[in-house]
Amino acid sequence: MDMKKRIHLELRNRTPSDVRELVLDNCRSNEGKIEGLTAEFVNLEFLSLINVGLISVSNLPKLSKLKKLELSDNRISGALDVLAEKLPNLTHLNLSGNKLKDISTLEPLKKLDNLKSLDLFNCEVTNLNDYRESVFKLLPRLTYLDGYDLEDKEASDSDGEVDGVDEDDDEEDEDEDGEDFDEEDDEDDDDEDEEVEREEDDEEVSGEEEEEDGQDGEVDDEDDEEEADEGEEGGKGEKRKREAEDEDGDEDDDEEDD
């Protein structure tokens, strides 16, 4: 994808003045130059042009508020004076993986009064004797070179970020993610509560059915006992009746004999 089209896509229906951060990594530049980027991006603070085939930054527009510029993995070999002319408030510059060979090619950076971090990893200039000492001498305002200060102390994460751009965006993303997780947790808790309530209801229903079955069993036992008692009383009554009939029959026999 060419750089002009990529910029159009990155705008996402915004105006250039609304953009504070613009990432154009891995798109194609036209003849090794920047294209499609204009001075209308008046509030741009972070610009990334990693691996876009740049040979020169001569077409860079005036971006007064730009603080961080990523130009790593291109083919830039010099002509850095345009950076001081167009980016007066630049604080972080990454030129790693370019074709910078001599300390002299870095001299235009002396005009960047606010530059405090410079990265030159994988550039031939880093192989020179006294490379670090020479760069710090050339750029006395510089705080970090390739991530370390003059005393070899590593830069903190906060020093590696542009104020108000990356950190704020990360915090917003974390807040949104946290809200999503909270909502998911609440939904899971609600589902668990409903399941527990259903189980409790099922247990109550089962208990009531068992109790009813027990009562029915008791009633059946009582009915059986009553029927048994009635049966015994009926048997006794039949026996007494037969005994009385036998006695009457004996009396009649005695009368006939007389």
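Residues numbered from 1 in each chain as written. Predicted model: local features only at pLDDT ≥ 70, side-chain atom pairs only at ≥ 80, totals over all residues. Heavy atoms only, no water.

Provide a residue-level description of the overall build of the protein chain, including the pertinent values.
Along the protein chain, the regular secondary structure elements total four helices and six strands. Burial analysis of the protein chain (258 residues in total) assigns 30% to the buried set. When contacts within the protein chain are restricted to residue pairs at least 6 apart in sequence, long-range pairs at least 24 apart make up 54% of them. Carbon and sulfur atoms make up 39% of the accessible area of the protein chain, which totals about 16,900 Å². (Helix = DSSP H or I, 4+ residues; strand = E, 2+ residues; numbered from the N terminus. Buried < 20%, exposed > 50% of the residue type's maximum accessible area, 1.4 Å probe, protein only. Contact = heavy atoms within 4.5 Å. Areas by Shrake-Rupley, 256 points an atom, 1.4 Å probe, with all protein chains shown as cover.)

With reference to specific residues and values, describe helix α1 (residues 3-11).
Turning to α1, its buried residues number three or more, namely Met 3, Arg 6, Ile 7, Glu 10 and Leu 11. For α1, the angular spread of buried residues about the axis comes to 140 degrees, placing them on one side. Structural note: α1 exposes Lys 4, Lys 5 and His 8 on the side pointing more than 90 degrees away from its buried face. Residues of α1 that are buried in the fold lie against β1 (21-23). (Arc of directions from axis to C-beta.)

Hey, could you go over the pattern of salt bridges for me, with residue numbers and the actual values?
Tallying each qualifying case throughout the model produces seven salt bridges. Among the ionic pairs, Glu 70 bridges to Lys 68, the shortest N-O distance being 3.9 Å. There is no split in this pair, since Glu 70 and Lys 68 are both buried. Measuring nitrogen to oxygen at the nearest pair gives 3.8 Å for the salt bridge that ties Lys 153 to Glu 151. Beyond isolated ion pairs, a larger network of salt bridges with shared partners links Arg 6, Glu 10 and Arg 12. (Salt bridge = Lys/Arg side-chain N within 4 Å of Asp/Glu carboxyl O.)

How would you explain the nonpolar core if you had to name every residue and give the values?
One finds Leu 47, Leu 93, Leu 109, Leu 118 and Leu 120 to be the most contacted residues of the largest nonpolar core, which totals 46 residues. Residue assignment for this core shows that the elements contributing at least two residues are α1, α2 (81-86) and α3 (131-138). With four residues, the single largest contributor to this core is α3. Every residue in contact with Leu 47, bar those within four places of it in the chain, is listed here: Leu 22, Leu 24, Leu 37, Leu 60, Leu 63, Leu 66, Lys 68, Leu 69 and Glu 70. (Core = buried A, V, L, I, M, F, W, Y, C linked by side-chain atoms within 4.5 Å.)

Tell me about the sheet that holds strand β3 (residues 68-70), and please be specific about residues and values.
Pairing is parallel in the open sheet, where six strands are placed in the order β1-β2-β3-β4-β5-β6. Two strands in the sheet have a free side with no partner beyond their single neighbour: β1 and β6 (144-145). (Pairing = 2+ DSSP bridges.)

Quick one: what's the story with α3, residue by residue and with numbers?
Of all the residues in α3, the buried ones are Tyr 131, Val 135, Phe 136 and Leu 138. In an axial view of α3, the angular spread of the buried residues amounts to 160 degrees, which keeps them on one side of the axis. In α3, the exposed positions that point more than 90 degrees away from the buried face belong to Glu 133 and Lys 137.

Can you break down the side chain of Asn 94 residue by residue, with the values?
Tracing the backbone through its elements, the reader meets Asn 94 in strand β4 (residues 92-94). According to the relative accessible area criterion, Asn 94 is buried, its value standing at 13%. Ignoring any residue separated from it by four or fewer positions in sequence, one finds Asn 94 in contact with Leu 69, Glu 70, Leu 71, Ser 72 and Asp 119.

Kindly report on the environment of Asn 114, identifying the contributing residues and their values.
By secondary structure assignment, the location of Asn 114 is in the loop between β4 and β5 (117-119). The sequence separation of Asn 114 and Arg 141 amounts to 27 residues, and the corresponding C-alpha distance is 7.5 Å. Not counting residues within four places of it along the chain, the set of residues in contact with Asn 114 comprises Pro 88, Asn 89, Leu 90 and Thr 91. Of note is the side chain of Asn 114, whose polar atom sits 3.3 Å from the backbone oxygen of Pro 88. (Polar contact = N/O pair within 3.5 Å; in protein donor to acceptor, adjacent residues only side chain to side chain.)

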